[in-house]
Protein chains: 2
Amino acid sequence: MAPDEKNTAVLEEHGRLLASDLAGEIEFLTARTRSIGSLLANRELAPLNLKVRSYSVLSLACGPTPPTQRELAGFLSLDPSQIVALVDQLEKRGLVLRAPDPQDRRSKIIRATGEGVAVYRQAREATHRAEDAALGSLSPAERDELRRLLTKAAFPGGEG
Amino acid sequence: MAPDEKNTAVLEEHGRLLASDLAGEIEFLTARTRSIGSLLANRELAPLNLKVRSYSVLSLACGPTPPTQRELAGFLSLDPSQIVALVDQLEKRGLVLRAPDPQDRRSKIIRATGEGVAVYRQAREATHRAEDAALGSLSPAERDELRRLLTKAAFPGGEG
DNA sequence: CTTAATCGTTGACTTTTTCAAGAATATAAG
DNA sequence: CTTATATTCTTGAAAAAGTCAACGATTAAG
């Protein structure tokens, strides 16, 4: 078997099962899309010693409104204790820091350092490469539409 | 906190972070959509002693072309060893059985029993309720379009 | 002031994922 | 036919991820 063929085996022949009920369920299609997507994203992020999870935290920490750990947990659908571990790693590498929230001393605001921003820029390119690879079968317009629909699904309360 | 409010806390306020780069990434939106979807689906499936994973196996086993375990692994993006565990459980409950593949005695075809089909019918209603709850913010036309786009993303080689 | 709730943290526990190896069967080459 | 290589299911172990309850510090409510 070729060196990199192993992890791409996800894209094998499944012709017979495409006619199944399950293949028509959005829940299943979402799970499979995510599985392929995070496989490719993790592969691209590996050289930076990041995974999709740590990349997501770093990304939000680089944004214009750095979040508290509680906000990270809610936004990323993770348990607060998982955020602790993720921030610990990133902080140990000097990519983010825990800043006290002036409005609530219980909370800690996760903000990226200069180096964190630098690493994030590379990581963003990596995830964009992964997205190109994962969604290569969709046109730019289709990707925009998919993004719009998924946003409504992921944030039902949205901006309404 | 109200009795059932805990698990619905995923749908909190995230206004500030919706403007982040991350919120525009399809990979992230897919992960969040799946997280909400499988939470609701697992909740609906719990009374039947099923989870999304075992439901998926049961569903394919009920289909017109029962799959081998290898096909299940590829289609569901799971490791073959995970399929063993899932089929073990379902077989122990009498919902599926391992039939020898006449064309390849290494393979085992996973076929639903009569009771398996009966349970599946209830389970399908449960997951449809969950899908309605998860995608309540999308119109039927939008759901169809989302299904179409996700199918292209999940099966790049598709029916081409 | 007293009580209740929230945030980050820790630790324990379960589940899921990943990986390597083996027995049985199939395929390919000589 | 014999030998070598590959595939399928299975097992078991290890790593990673997810779940949950409890604690100190802080805030909010009564």
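Please read all numbers here as calculations on a predicted model, not as lab measurements.

Draft legend 1. Local environment of the protein's contact with DNA strand C. Among the 20 residues in the neighbourhood of DNA strand C, the closest are listed as Gln69, Arg70 and Arg106 of chain A together with Arg53 and Gln82 of chain B. Atoms of DNA strand C within 4 Å of the protein: sugar and phosphate make up 71%, bases the balance. Here a phosphate oxygen of DNA strand C sits 2.3 Å away from a polar atom, N or O, in the side chain of Arg53 of chain B. Within the contact set of DNA strand C, a sugar or linking oxygen lies 3.5 Å away from a side-chain nitrogen or oxygen of Arg106 of chain B. Listed by contribution, the elements that provide at least two residues to the surface near DNA strand C are helix H3 (69–76) and helix H4 (80–92) of chain A together with helix H4 (80–92) of chain B. Ranked by residues supplied to the surface near DNA strand C, first place goes to H4 of chain A with 3 residues. A per-class count over the surface near DNA strand C returns 3 nonpolar, 6 polar and 11 charged.

Draft legend 2. Quick peek at the interface of chain B and chain A. On the chain A side, the residues contacting the 62 residues of chain B number 62 residues. Counting the surface chain B buries against chain A, the share from its top three residues, Leu17, Ile26 and Phe75 of chain B, is 11%. Counting the contacts that link chain B with chain A gives 8 salt bridges. Arg148 of chain B is the salt-bridge partner of Glu142 of chain A, the closest N and O atoms lying 3.3 Å from each other.

Thresholds applied
Residues numbered from 1 in each chain as written. Chains lettered and ligands numbered in written order. Predicted model: local features only at pLDDT ≥ 70, side-chain atom pairs only at ≥ 80, totals over all residues. Heavy atoms only, no water. Near = heavy atom within 4 Å. Polar contact = N/O pair within 3.5 Å; in protein donor to acceptor, adjacent residues only side chain to side chain. Helix = DSSP H or I, 4+ residues; strand = E, 2+ residues; numbered from the N terminus. Nonpolar A, V, L, I, M, F, W, Y, C, P; charged D, E, K, R; others polar. Contact = heavy atoms within 4.5 Å. Buried area = accessible area lost by both parts, 1.4 Å probe. Salt bridge = Lys/Arg side-chain N within 4 Å of Asp/Glu carboxyl O.

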